[in-house]
Amino acid sequence: MRLRKLLITLGLALAALMMMPLGGHANPEFVMNFGTVAPDGTPWSDQLRDVKKRIEAESGGRIKVKLFLGGSLGSEIEMVQDVARGERLQGGGFSTGAIGEALDIPILLLPELPYLFRDNAEADAVLDEVLYTPVAASLAAKGFMLGAWAENGWRCFATKGGPATSPAELAKYKMRSQESPVHLDMYKALSVQAVAKPTSEVLPALNTGIVDGFDNTPLFSLAAGWIEPVTHYTLSRHIYQPAGVIYSKKFHDSLPPDLQKVLMGDPAAEAVRGRVGVRSLEAELLETIQAMGKEVVPLTDEQRKSFRQLTRPVHKQFLAAHPDVVDAYTQVKAKLKSMRQ
């Protein structure tokens, strides 16, 4: 049933997804507008609707939440900046890379370094046990509250005309890149021509040949309709991409103490819910991509190693550009080493 809901959205343009207020009391004391590029009919939108229902119910209707899905209010970076101002938006769900880039918070770019993690367990442990506290502090200094981790998942390469089983094959394509220096530096290390574009411009760019491919997760690739113009989906799993539910600190602080607790909820439980919702669909999503006539291409350990070796300098470049993140990176690597022993 959940997969059927997802597939219904594939024919919809993201620009057509508009505000979706879901009831609420007639005279709430507080209104929170919440923006995201997450398409409707996905585990992300399901989770956000549940967050909305929880906040409205636990506040006794004193807080009303309005969801703006599918990037209807702009790109991730634009919406993060809106939350910073706290006027048009008071909260949102965004990729960590977009938050870090929009707010100049390098520690939020760190989790998206290529081939930093080997599996979900490593990513979860680092985010929950190593990075949550310093990230929350960094966001607070910029006027934000970290509500919870969320998840986009493992990004893979999607291309038109052939697979990307080696850096040399990938270099044949002009790739769309997320608007993040880490992502752009990764493509540069792989000798790939990359074009940074917001999510709203990716499908037209694919259809008109401005770009020949992109990288994203199976779920987002399907839900956004990006998978339609491509022919191959290579399981490179080169970047694990977390996301974050964030709130304007100005809005949070405007609430009385009891409603502040309602707003924040249980961050740990919310993170688990988001991860389970996304991960439970991965196998079905890959089957769906195949059923659409696209070739899903697995990589051998040696093939993945060739990508990992070429992108290793991206870590050093990142730390050289952001020396204030070296300590956090060292703690992350120590945690990973302890899990790999």
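Please read all numbers here as calculations on a predicted model, not as lab measurements.

> What is the right way to read a positive patch on the surface from this model?
Together, Arg 118, Lys 305, Arg 308, Arg 312, Lys 316 and Lys 333 make up a region of like positive charge exposed at the surface. Broken down by element, the positive patch gets its largest block of residues, four residues, from helix 14 (residues 301-321). Under the relative-accessibility criterion, Arg 312 is labelled partly exposed at 48%.

> Is there a simple way to think about the pairing of strand 3 (residues 91-95) in this case?
For strand 3, the tally of buried residues reaches five of five residues, placing the bulk of the element in the interior. By the bridge criterion, five bridges tie strand 3 to strand 8 (residues 232-248) in an arrangement that is antiparallel. Its bridge partner being in strand 8, Gly 92 is matched across the sheet by Ile 246.

> Teacher, can you tell me more about the packing of helix 2 (residues 43-58) against helix 11 (residues 257-264) here?
To describe two helices that pack against each other, one gives the angle between their axes and the distance between the axes. Taken N-terminus to C-terminus, the directions of helix 2 and helix 11 make an angle of 160 degrees; their axes are 9 Å apart at the nearest point. The orientation of helix 2 with respect to helix 11, classified from their angle, is roughly antiparallel. Like other packed secondary-structure pairs, helix 2 and helix 11 cross with a definite hand, here right-handed. Contacts from Arg 54, Ile 55 and Glu 58 of helix 2 reach helix 11 at Val 262, Leu 263 and Met 264. When grouped by side-chain class, the residues that make up the contact of helix 2 with helix 11 number four nonpolar, no polar and two charged.

> Would you take a moment to explain the packing of aromatic side chains for this structure?
Geometry of an aromatic ring pair is reported as the spacing of the ring centres plus the angle between the planes. Scanning all chains against the criterion turns up nine aromatic pairs. Plain terms: the ring middles of Tyr 132 and Trp 149 are 6.3 Å apart, the flat faces sit at 80 degrees to each other, and that makes the pair edge-to-face. Placement of Tyr 132 in helix 5 (residues 120-141) and of Trp 149 in strand 4 (residues 144-159) is noted, with a sequence separation of 17 residues between them. The exposure class of Trp 149 is buried, given its relative accessible area of 3%. One aromatic cluster in this structure is built from Trp 44, Phe 214, Phe 220 and Trp 226.

> Honestly, the pattern of salt bridges in this entry has me stumped. Any pointers?
Pairing between side chains of opposite charge can happen when the charged atoms of each approach one another. Tallied over the full model, the rule gives 18 salt bridges. For Asp 82, the salt bridge identified is with Arg 85, shortest N-O distance 2.6 Å. In this pair, Asp 82 and Arg 85 are both assigned in helix 3 (residues 76-85), three residues apart and thus about one turn of the helix distant. Judged by its relative accessible area of 8%, Asp 82 is buried. For Glu 201, the salt bridge identified is with Lys 197, shortest N-O distance 3.6 Å. Bridged by salt links that share partners, the residues Asp 124, Asp 128, Glu 151, Arg 275 and Arg 279 form one connected network.

> How do you make sense of the confidence of the model for the protein when you look at a structure like this?
Regions with low pLDDT should not have their predicted coordinates read in detail. Overall, the predicted model of the protein reaches an average pLDDT of 92, with 92% of residues at or above 70. Note on residues 4-25: pLDDT under 50 across the span, and 40 contacts to partners over four residues away in sequence or across chains.

> Would you mind going over helix 12 (residues 267-279) with me for this structure?
Residues that lie three or four places apart on an α-helix share one face, since the helix turns once every 3.6 residues. Its 13 residues give helix 12 an end-to-end C-alpha distance of 18 Å, which sits within 8% of 18 Å, the value for a rise of 1.5 Å per residue. Along helix 12, the residues that are buried comprise Glu 270, Ala 271, Gly 274, Arg 275, Gly 277 and Val 278. Seen from one end, helix 12 has its buried residues packed into an arc of 165 degrees, which puts them on one side. Looking at helix 12, the residues exposed on the side facing more than 90 degrees away from the buried face are Ala 268 and Val 276.

Here is what the cut-offs are and how they apply
- Residues numbered from 1 in each chain as written.
- Predicted model: local features only at pLDDT ≥ 70, side-chain atom pairs only at ≥ 80, totals over all residues.
- Heavy atoms only, no water.
- Patch = residues over 30% accessible without salt bridge, like charges linked within 9 Å, V, L, I, M, F, W, Y side chains within 5 Å.
- Areas by Shrake-Rupley, 256 points an atom, 1.4 Å probe, with all protein chains shown as cover.
- Salt bridge = Lys/Arg side-chain N within 4 Å of Asp/Glu carboxyl O.
- Lys, Arg positive; Asp, Glu negative; His and termini not counted.
- Charge placed at Lys NZ, Arg CZ, Asp CG, Glu CD.
- Helix = DSSP H or I, 4+ residues; strand = E, 2+ residues; numbered from the N terminus.
- Buried < 20%, exposed > 50% of the residue type's maximum accessible area, 1.4 Å probe, protein only.
- Pairing = 2+ DSSP bridges.
- Axes fitted to C-alpha atoms, helices over the stretch in contact; angles between N-to-C directions.
- Parallel < 35°, antiparallel > 145°, perpendicular 65-115°, else oblique.
- Left-handed = near helix turned anticlockwise from the far one by under 90°.
- Contact = heavy atoms within 4.5 Å.
- Nonpolar A, V, L, I, M, F, W, Y, C, P; charged D, E, K, R; others polar.
- Phe/Tyr/Trp six-rings, centres within 6.5 Å; stacked < 30°, edge-to-face > 60°.
- pLDDT = per-residue confidence, 0-100.
- Expected span 1.5 Å × (residues − 1).
- Arc of directions from axis to C-beta.

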